[in-house]
Amino acid sequence: MPSLRTFRIEFDRPGATYAPGDIVTGDVIIDLAREKTVRALKLSIKGEANVSWERRRSTKDSQGRSHTQVDHFRASEQYFNLTYYLLGSTAGNVHKINLLEINLSHLKVCLKKLL
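Now for a look at the structure at hand. (Residues numbered from 1 in each chain as written. Predicted model: local features only at pLDDT ≥ 70, side-chain atom pairs only at ≥ 80, totals over all residues. Heavy atoms only, no water.)

**Focus: the pattern of salt bridges**
Phase 1: Scanning all chains against the criterion turns up 7 salt bridges.
Phase 2: A salt bridge links R56 to E54; the shortest N-O distance between them is 2.8 Å.
Phase 3: Given the relative accessible area of 55%, R56 is considered exposed.
Phase 4: Given a relative accessible area of 40%, E54 falls into the partly exposed group.
Phase 5: In this structure, D61 and R65 form a salt bridge, with 3.2 Å as the shortest nitrogen-oxygen distance.
Phase 6: Linked through salt bridges whose partners overlap, the residues forming this network are R55, R57 and D71. (Salt bridge = Lys/Arg side-chain N within 4 Å of Asp/Glu carboxyl O. Buried < 20%, exposed > 50% of the residue type's maximum accessible area, 1.4 Å probe, protein only.)

The following block contains the structure:
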C-alpha cells in the first residue's frame, strides 16, 4: 500500500497570473499513511512560456494558379528555475514525518526573469 495519502500545494492566490517581482506564497501539505524517514524535502519550481502560431498566405503564380504558403513561428522563454529545501538537506540528519504542513510565506519566492 502506498504511504502517500495527500500531497498538495495550496497557493494563497489560486489561479493568479504572476509577473516578475511578484511574491508567491502558500502551503505544502503532505499526509502519509505511515511514518517515513527522509533526509530532505525539496520544492523545485519552474516558470516558462511557450508560444507557437502559423501564418497562411495565398499567392498566384504567373499562370493564375493559387498557392498557399504556411509560415510557422515559435518561441519559448524561461523565467525561473528554483529549488528550495523545505526540510533538511542532502547532507543533513534524517527526519521522521507522518503529517507535514509547511507554510511557504517564509520563503518569499520572488519571481525574476533569468538572464
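The rest of the description comes next.
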